[in-house]
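One letter stands for each residue in the lines below.
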Amino acid sequence: MLNEREIESCYLGQFIPLHYHHNMLMDQNRMHSFKSAIDYAVRPGAKVLELGGGTGVLSCFAAAKADKVYCVEFNPDMVREARKFLAMNPHGAKVEVIHADAFEYLPPEPVDIVICEMIHVAMLREKQVEVIEAFKKRYAERFGGPLPVFLPEAVLMAVQPLQQEYDFEGFYAPIIQFQETGVVHSGTVELAQPAVYSLIDFTQPNELSYNWEGKFVATRDGTLNAMRFITKNVLAVVQERSATIDWLNHYMTLPLAEPVPVREGDVLKVSFAYRAGGPISSLQNSLKAEVAYEAVLQTSAVPAYA
């Protein structure tokens, strides 16, 4: 019998199918960004901990420089998979794959870097924020300060009003959509600029709930029927270049229950509330949008002078 946390993990993402992890290996954008950030952040001789190791790929990247890598994975199938793959790769012998719960595990010694990629758009479904916050408390109680460097170091979350096409060969279906970034989507019309609603800095204490209300100015006429959620992960801060190594999740577009006609210049009010790690439905059910102020088109009367 599974306990309550294990049941929740199966639903929320820790026990995702093996082929999902394999697909992540084929995501070149994700792989390149993480490899670059790990190569920058991990110094020769470092001790590294990965929470939620999956296939072991990020631990393997870290082992290229680190003396020791602890790779913690809760799913027994993934533990076997990671051990198999690491045995096939250079430096894999420096990685110890540990079958344990990331909510409870502590390494036997202080570490320099903690890698954790339990990331879903808007910090939903997976337990990134909760795992890191719980780890920081346990680590400080056991080892004191300073805390390790976390990778990612921070997460920036934003939201944007859209007019989204939901016609599928004549079949209307307002569904949740995940879209690639940096690509023009013909069925998507941006109605306003994105607004940042949360910045997570893993070096600081973080709340597990997001309760946001904000305003947008419509940049064109249209029908507001969806909200796009944007999640930018700051994997590493490259101080000497005043730059960051980032990874942008796919956009997540949630349909609104009630479409709202808008005109250019209208002020739109949007609100939502959800908990980090919660199901997508918790955000979608709380999502509300309306026109707060209508655009006023004034025709200036030019006075006639004799």
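Thresholds applied
- Residues numbered from 1 in each chain as written.
- Predicted model: local features only at pLDDT ≥ 70, side-chain atom pairs only at ≥ 80, totals over all residues.
- Heavy atoms only, no water.
- 1 Å grid on protein atoms, 1.4 Å probe; cavity = no way out; pocket = protein on both sides within 12 Å on 5 of 7 lines; lining within 4 Å.
- Points joined across faces, edges and corners; volume = space filled by probe spheres on them.
- Helix = DSSP H or I, 4+ residues; strand = E, 2+ residues; numbered from the N terminus.
- Nonpolar A, V, L, I, M, F, W, Y, C, P; charged D, E, K, R; others polar.
- Buried < 20%, exposed > 50% of the residue type's maximum accessible area, 1.4 Å probe, protein only.
- Lys, Arg positive; Asp, Glu negative; His and termini not counted.
- Salt bridge = Lys/Arg side-chain N within 4 Å of Asp/Glu carboxyl O.
- Contact = heavy atoms within 4.5 Å.
- Pairing = 2+ DSSP bridges.
- Axes fitted to C-alpha atoms, helices over the stretch in contact; angles between N-to-C directions.
- Core = buried A, V, L, I, M, F, W, Y, C linked by side-chain atoms within 4.5 Å.
- Parallel < 35°, antiparallel > 145°, perpendicular 65-115°, else oblique.
- Left-handed = near helix turned anticlockwise from the far one by under 90°.

(A) Structural view of the layout of surface pockets. Reported here for the largest pocket is a volume of approximately 510 Å³. Elements supplying a minimum of two residues to the lining of the largest pocket: helix 2 (18-25), helix 3 (28-41) and strand 14 (243-248). In terms of residues, the lining of the largest pocket owes the most to one element, helix 2, which gives three residues. When its residues are assigned to classes, the lining of the largest pocket shows eight nonpolar, six polar and five charged. When its volume is computed, the second largest pocket comes out at roughly 240 Å³. Along the walls of the second largest pocket sit 13 residues, with A41, D112, I113, V149 and E153 positioned nearest its centre. Secondary structure elements with two or more residues in the lining of the second largest pocket: helix 3 and strand 5 (149-151). Classifying every residue of the lining of the second largest pocket by side-chain character gives nine nonpolar, one polar and three charged.

(B) Looking closely at the side chain of E50. Among the structural elements, E50 can be located in strand 1 (residues 47-51). Here E50 sits buried without a salt bridge, and the closest side chain of opposite charge, R30, lies 6.5 Å off (N-O distance). Among residues more than four places away in sequence, those in contact with E50 are L58, S59, Y70, C71, V72 and I115.

(C) A look at the sheet that holds strand 4 (residues 113-116). Reading across the sheet, the five strands line up as 3-2-1-4-5 and stay open at both edges, with parallel pairing between neighbours. Both edges of this open sheet fall to strand 3 (95-99) and strand 5, since each of them pairs with a single strand only. Averaged over all pairs of adjacent strands, the angle between their axes in this sheet comes to 20°, without regard to strand direction. In terms of strand pairing, strand 4 meets strand 5 through three bridges, oriented parallel. Residue pairing for strand 5: V114 is matched across the bridge by F150. Of the strands in this sheet, strand 4 and strand 5 are in contact with helix 3, which crosses strand 5 at around 170°. Helix-sheet contacts for helix 6 (residues 128-143) involve strand 1, strand 4 and strand 5, and the interaxial angle to strand 4 is about 155°.

(D) The arrangement of the environment of D246 in detail. Inspection of the secondary structure assignment puts D246 in strand 14. A C-alpha to C-alpha distance of 8.6 Å links D246 and P152, two positions 94 residues apart in sequence. With sequence-adjacent residues up to four places away left out, D246 is seen in contact with S33, K232, N233, V234 and L235.

(E) Quick peek at the sheet that holds strand 17 (residues 288-293). Spatial ordering of the open sheet is given by 12-16-17, a layout of three strands whose pairing is antiparallel. Each of the sheet's edge strands pairs with one partner strand only, and the pair in question is strand 12 (209-217) and strand 17. Within this sheet the neighbouring strands show an average axis-to-axis angle of 20°, counted without direction. As paired elements, strand 12 and strand 16 (residues 267-275) share nine bridges and run antiparallel to each other. Note that in strand 16 the partner of S209 across the bridge is R275.

(F) Seen up close, the nonpolar core. Grouped together as the largest cluster of nonpolar side chains are 86 residues, with contacts concentrated most on L51, F229 and F272. Excluding its chain neighbours within four sequence positions, the residues that come into contact with L51 are V72, A102, V114, I115, C116, E117, M118, V131 and F135.

(G) How the structure looks around the environment of P279. One can find P279 in the loop between strand 16 and helix 7 (280-286). Residue classification places P279 among the partly exposed residues on the basis of a relative accessible area of 26%. Taking the C-alpha atoms as reference, P279 lies 36 Å from A66; in sequence the two are 213 residues apart.

(H) Main features of the packing of helix 2 against helix 5 (residues 76-87). Packing of helix 2 against helix 5 leaves a shortest axis separation of 10 Å and a crossing angle of 40°. Between helix 2 and helix 5, the interaxial angle falls into the category oblique. As helix 2 runs across helix 5, the sense of the crossing is right-handed. Contacts from L18, H21 and H22 of helix 2 reach helix 5 at D77, M78, E81 and F85. Taken together, the residues that form the contact of helix 2 with helix 5 break down as three nonpolar, two polar and two charged.

Geometry only, nothing functional implied.
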